[in-house]
Amino acid sequence: MKVTIVGDSFSKGYLINNSYARLLSKAGFSVLNISKNGATSSDCFKMFKERREYESDVLIVFVGVNDFYQGISAKFAYNNVKSILELSLAKKKILILPPFIEEETCFSTYETINNKIDSYDESLKELGDYHIDGRNIPGRYLDGLHMAEDFHENLSKEIIKILKEVEDAKKNTRKIHRK
């Protein structure tokens, strides 16, 4: 199964060896990872448009937190994700909501960012075929934003469940068409 990933440092694997994208490859999926550290949703849209996948079975989009760090609205990030999904020819689309960042009382903007993640979640529910809420994936923080490998392992398990469901549905569709 061919999987295209569009995202930021979470998908690129910043500060870790085994990101969820790498773990999907190790699990036997063909992965095209169009991700960049520090990427906003606008950057992801541009990168995807330039290297758009034509053969993917599944598109995974995991972006947003860099938008919120830069003061960009959840609605703007939503519109960029929607544009990515509209360009995609993938049969199924998985949207991953970023986990909350660790709040520190000395940085009031952190609470604002987490509020934007909540707002973003509400709008993203309208898009895609599957949703994974990063706020509910267990894992340790490395730097208050980026997650350790345990988060990526847990996230990859959730994605693999969905990918196996997509594979099974694809096999069942083939069987029905052969009869």
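Residues numbered from 1 in each chain as written. Predicted model: local features only at pLDDT ≥ 70, side-chain atom pairs only at ≥ 80, totals over all residues. Heavy atoms only, no water.

The protein is annotated in an unreviewed UniProt entry as G-D-S-L family lipolytic protein from Anaerococcus faecalis.

**Quick notes on the side chain of Asp 133**
You can see Asp 133 is positioned in strand β5 (residues 130-133). Given a relative accessible area of 19%, Asp 133 falls into the buried group. Here Arg 135 takes part through its side chain, which lies 2.6 Å from a polar atom of the side chain of Asp 133. (Helix = DSSP H or I, 4+ residues; strand = E, 2+ residues; numbered from the N terminus. Buried < 20%, exposed > 50% of the residue type's maximum accessible area, 1.4 Å probe, protein only. Polar contact = N/O pair within 3.5 Å; in protein donor to acceptor, adjacent residues only side chain to side chain.)

**Here's the deal with helix α5 (residues 74-87)**
Between its terminal C-alpha atoms α5 stretches 20 Å, which fits the 20 Å expected from 14 residues at 1.5 Å a residue. All buried positions along α5 are accounted for by Ala 74, Ala 77, Tyr 78, Asn 80, Val 81, Ile 84 and Leu 85. One side of α5 holds all its buried residues, which, seen down the axis, span an arc of 165°. Exposed residues on α5 whose side chains face more than 90 degrees from its buried face are Lys 75 and Glu 86. (Expected span 1.5 Å × (residues − 1). Arc of directions from axis to C-beta.)

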